[in-house]
Amino acid sequence: MNPRATPGDVAWIDAYGAARVCGHRVHRQTVLDIEQSGDRDAEGRLTAAARERIAVALTQRLRDAEARSLAAWHAAGRPIVWHRPDI
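Calculation criteria
- Residues numbered from 1 in each chain as written.
- Predicted model: local features only at pLDDT ≥ 70, side-chain atom pairs only at ≥ 80, totals over all residues.
- Heavy atoms only, no water.
- Phe/Tyr/Trp six-rings, centres within 6.5 Å; stacked < 30°, edge-to-face > 60°.
- Helix = DSSP H or I, 4+ residues; strand = E, 2+ residues; numbered from the N terminus.
- Buried < 20%, exposed > 50% of the residue type's maximum accessible area, 1.4 Å probe, protein only.
- Arc of directions from axis to C-beta.
- Contact = heavy atoms within 4.5 Å.
- Polar contact = N/O pair within 3.5 Å; in protein donor to acceptor, adjacent residues only side chain to side chain.
- Core = buried A, V, L, I, M, F, W, Y, C linked by side-chain atoms within 4.5 Å.
- Expected span 1.5 Å × (residues − 1).

Student: Looking at this structure, I do not really get the packing of aromatic side chains. What am I missing?
Tutor: Any aromatic ring pair is given by two values, namely how distant the centres are and how the planes are angled relative to each other. Across all of its chains, the model carries 1 aromatic pair by this definition. Judged by centre distance (4.3 Å) and plane angle (40 degrees), the ring pair of tryptophan 12 and tyrosine 16 falls under tilted. Taken together, the residues tryptophan 12 and tyrosine 16, both in helix α1 (residues 7-16) and 4 residues apart, mark about one turn of the helix. For tyrosine 16, a relative accessible area of 60% corresponds to the exposed category.

Structure representation (structure tokens):
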């Protein structure tokens, strides 16, 4: 899978506190961690440029997390399958 966060996802997370982006649960704190000073307008909303930049950074974080997860799955080896002869 190739996860991608959109500026709309960032706006939703900022407004409602959390969202599921391509199967990953993303919280508002993640957006706040990526946010830089000057990213909000006078009314406290994220600017369009900030939403775009945060979406790109969030996409990279999601892809990195997925790559780590896949690497861990491959490192663990093939899953064991138990067979019950009476079934």
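Following the structure, the description resumes.
Student: Where do I start with α1 in this structure?
Tutor: A turn of α-helix holds 3.6 residues, and therefore any two residues three or four places apart point the same way. Looking only at α1, the buried set comprises Val10, Ile13 and Asp14. The arc that holds every buried residue of α1, seen down its axis, measures 95 degrees, which confines them to one face. Facing away from the buried surface of α1 by more than 90 degrees, the exposed residues are Ala15 and Tyr16. Positive phi shows up at glycine 17, right after α1, with a value of about 100 degrees.

Student: Got a minute to help me understand the side chain of aspartate 14 in this structure?
Tutor: With respect to the helices, strands and loops of the structure, aspartate 14 is situated in helix α1. Those residues in contact with aspartate 14, other than ones at most four positions away along the chain, are Arg28, Arg40 and Leu46.

Student: Just checking my understanding: could you explain the side chain of aspartate 39 for this structure?
Tutor: As for its position among the elements, aspartate 39 is in the loop between α2 (28-34) and α3 (48-76). Among the polar contacts made by the side chain of aspartate 39, one reaches the main-chain amide nitrogen of glutamine 36 at a distance of 2.7 Å. The contacts of aspartate 39, once residues within four sequence positions are left out, are Arg45, Leu46, Thr47, Ala50, Arg53 and Ile54.

Student: Can you walk me through the nonpolar core in this structure?
Tutor: The nonpolar side chains of a soluble globular protein tend to be buried, and buried together. Core analysis: the largest hydrophobic core is formed by 14 residues, its most contacted members being Ile13 and Leu58. Examining the composition of this core, we find that 5 residues originate from one element, α3, more than from any other. If we ignore the near neighbours within four places in the chain, the residues touching leucine 58 are Ala5, Ile13, Val26, Thr30 and Ile34.

Student: Explain α3 to me, please; I cannot follow it from the model alone.
Tutor: Counted at 1.5 Å a residue, the expected span for α3 with its 29 residues is 42 Å, and the 42 Å between its end C-alpha atoms agrees. Turning to α3, its buried residues are Ala50, Ile54, Ala55, Leu58, Thr59, Leu62 and Glu66. Check the buried side of α3 and you find it contacts α1, β1 (18-21), β2 (24-27) and α2. Looking one or two places after α3, you find glycine 77, whose phi comes out positive at around 90 degrees.

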